[in-house]
Amino acid sequence: MKNYMFKRSTPFILSLFLGLNLAYTQEYLSKDRAVEMALEKNFNIKIAKNAIEIAEGNASKDNLGYKPTVTVSGGANYNLDNSTAVFQDGRETNLTFAASNSVNAGVGVNYVLFDGFNRQFNLERNLQSYTASQLNARLALENVLLQLFNAYYEVARLEVDTKSLKELLEISKERLERARVSYDYGVGTLLDISNAEVDVNTDSIAVLNQDQLIKNARHNLNFILNSDVLTDYEVDTNVAFAPLLTKEQLLKGIKGANVQLLLAASDIRLSEIDEKLTTTTKLPTISLNGDYGINRSKNNPASFLDRIQSNGLTTSLNVNWAVFDGGRRKVQEQNAKITRLNQELNFDLLYQQILRDFENAWSTYQNRLTIWKALEQNVITSRLNFERSEERYRLRQITSLAFREAQSNYILALTNRNRAKYDAKLSELQVYSIAGKIQDAQY
């Protein structure tokens, strides 16, 4: 058996790799479970839900002065006075620390009978704001779903790539062992062993780097799920493409489905209500007031009366009408009209942007599907080439470099196809999102 200068032990980098990849159990995270966790725990969705509750409270009649206001008041006084009292008949009385006191209590009721339709329009506005808060919550949900599956499919892609890279490493390790055996039997060279060892180290480093990428991808996924950032989830790597509606069908319903357009339409409605609100100051405000009070006082000895007690009901009807306000109302009305026109222009602009984005997304989706199918054929061809090269290498009909090239081409074809597949799926979800149907997508 021949001697050679390098050690037969596994290279250090390979030992490190093996030490870092001990078997451990991962929690499986299905797509449905990921959606459930995001809906339940994601911060943006929680914030959106709280905004709905605030808007719902604002839309209550209790918040707009439809009910009367009732106030209760009361008070008490106590006095100690030094005084001199001179009566009509000439008598004079000097008092030191003469005590007197009084108490009062009252109940007041105020009810606005008419305020120029201000309450009615504000209620209408708050109800529209409530609708807008629901649309904003839906927008948050759709954004979270897109973020979730971008992160989820990135983990899935990297898991599949990691599997391919580990298979590549195993092949390289087998080639290294074969090169050593061949050298021992005098049919190989030290160069073959050195090349094989370099390839093992290269592939080990590639797997280590891939492990780091997948860790980072899992951290991103956990952040969206509001889960422990260090949780290791094993995800579903399968991808199913859904049969989409035709482009014409999706475009036909986009105005009534795209949440951004629905929010823009809501802004138009709000500006129309604000325009109505500026007219309410032209009308009078009529309010009804009622007060019931009780007063009781005890005077000091210098007073003619010893005590006084009274109670009574007072009612009033008040009318306030700002006939002229110096022209501010006219400016407000003009500004409200301009604001409404701007909201309408913004809707038209946004609609054109949505159409552009949809066309781009649709084109990108179709292109990526085509690329994915083309790369499927590349995988078949490169796999056949690799299998032939592997057989010829065993028969020593080609060099280790030629075999390595065939091996690398096969792995590259696998990773390219893998990326194309997930890119195509994400493009499909983007089409669904712009069309306003992301919640109907097949994940």
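On a predicted model such as this, the values are computed, not experimentally measured, just so you know.

Observations concerning the packing of aromatic side chains
Working definition: an aromatic ring pair is given by the centre-to-centre distance plus the angle between the planes.
Argument step 1. Evaluated as defined, the whole model comprises 12 aromatic pairs.
Argument step 2. Ring geometry for Y152 against Y153: centres 6.0 Å apart, planes inclined by 90°, an arrangement best described as edge-to-face.
Argument step 3. We classify Y152 as buried; its relative accessible area is 0%.

Side note on the nonpolar core
Argument step 1. One finds L148, L221, L225 and L429 to be the most contacted residues of the largest nonpolar core, which totals 33 residues.
Argument step 2. Taken together, the elements giving at least two residues each to this core come down to α2 (31–41), α4 (118–184), α5 (190–225), β4 (233–235) and α9 (400–434).
Argument step 3. With 12 residues, α4 is the largest single contributor of residues to this core.
Argument step 4. Residues within four places of L148 in sequence aside, it is in contact with A34, V35, A38, L221, I224 and L225.
Argument step 5. In this structure, I268, Y351, A420 and A435 belong to the second largest nonpolar core, which totals 21 residues.

Topic: helix α7 (residues 259–277)
Argument step 1. For α7, spanning 19 residues, the distance from its first C-alpha to its last is 27 Å, which sits close to the expected 27 Å at 1.5 Å a residue.
Argument step 2. Looking only at α7, the buried set comprises V259, L261, L263, A264, S266, I268, L270, S271, I273, E275 and L277.
Argument step 3. Those residues of α7 that are buried lie in contact with α4 and α8 (328–394).
Argument step 4. You can read the cap of α7 off the contacts: a side-chain oxygen lies 3.0 Å from the backbone nitrogen of Q260, and it is on N258.

Notes on the packing of α7 against α8
Argument step 1. Here α7 crosses α8 at 170°, and the two axes come no closer than 8 Å. Between α7 and α8, the angle is such that the two are roughly antiparallel. Taken together, the residues of α8 that come into contact with α7 (itself represented by Q260, L261, A264, A265, D267, I268, S271, E272, D274 and E275) are A336, K337, T339, R340, Q343, E344, N346, F347, L350, Y351 and I354.
Argument step 2. In terms of residue class, the contact of α7 with α8 is made up of nine nonpolar, five polar and seven charged.

A short note on the environment of T280
Argument step 1. Structurally, T280 is set in the loop between α7 and β5 (285–298).
Argument step 2. Beyond its immediate stretch of four places on either side in the chain, T280 contacts D115, G116, F117, N118 and F121.
Argument step 3. At 2.7 Å, the side chain of T280 forms a polar contact with the backbone oxygen of L277.

A few points about a nonpolar patch on the surface
Argument step 1. Taken together, the side chains of V70, V72, V107, V109, Y292, I294 and L313 present a nonpolar region at the surface, about 650 Å² in accessible area.
Argument step 2. Among the elements of the structure, β2 (69–86), β3 (92–114) and β5 are those that each provide at least two residues to the nonpolar patch.
Argument step 3. Tracing the backbone through its elements, the reader meets V109 in strand β3.
Argument step 4. For V109, a relative accessible area of 36% gives the class partly exposed.

Here we look at the pattern of salt bridges
Argument step 1. Under the definition given, this model contains 25 salt bridges.
Argument step 2. Salt-bridge contacts for R340 lead to E275; the nearest nitrogen and oxygen are separated by 2.6 Å. Taken together, the residues R340 in helix α8 and E275 in helix α7 connect sequence positions 65 residues apart.
Argument step 3. Residue E275 is classed as buried on the basis of its relative accessible area, which comes to 16%.

Considerations on unusual backbone geometry
Argument step 1. With a phi angle near 70°, F117 is a residue other than glycine that sits in the positive phi range.
Argument step 2. Within the secondary structure, F117 sits in the loop between β3 and α4.
Argument step 3. We note that N226 has phi near 55°; this positive angle belongs to a residue other than glycine.

Some words on the side chain of K31
Argument step 1. Counting through the fold element by element, K31 comes out in helix α2.
Argument step 2. Polar side-chain contacts of K31 include one of 2.6 Å to the backbone oxygen of N238.
Argument step 3. If near-sequence neighbours (up to four positions away) are discounted, K31 is found in contact with F149, Y152, Y153, D236, N238, V239 and Y443.

So, how was this worked out
- Residues numbered from 1 in each chain as written.
- Predicted model: local features only at pLDDT ≥ 70, side-chain atom pairs only at ≥ 80, totals over all residues.
- Heavy atoms only, no water.
- Phe/Tyr/Trp six-rings, centres within 6.5 Å; stacked < 30°, edge-to-face > 60°.
- Buried < 20%, exposed > 50% of the residue type's maximum accessible area, 1.4 Å probe, protein only.
- Core = buried A, V, L, I, M, F, W, Y, C linked by side-chain atoms within 4.5 Å.
- Helix = DSSP H or I, 4+ residues; strand = E, 2+ residues; numbered from the N terminus.
- Contact = heavy atoms within 4.5 Å.
- Expected span 1.5 Å × (residues − 1).
- Polar contact = N/O pair within 3.5 Å; in protein donor to acceptor, adjacent residues only side chain to side chain.
- Axes fitted to C-alpha atoms, helices over the stretch in contact; angles between N-to-C directions.
- Parallel < 35°, antiparallel > 145°, perpendicular 65-115°, else oblique.
- Nonpolar A, V, L, I, M, F, W, Y, C, P; charged D, E, K, R; others polar.
- Patch = residues over 30% accessible without salt bridge, like charges linked within 9 Å, V, L, I, M, F, W, Y side chains within 5 Å.
- Areas by Shrake-Rupley, 256 points an atom, 1.4 Å probe, with all protein chains shown as cover.
- Salt bridge = Lys/Arg side-chain N within 4 Å of Asp/Glu carboxyl O.

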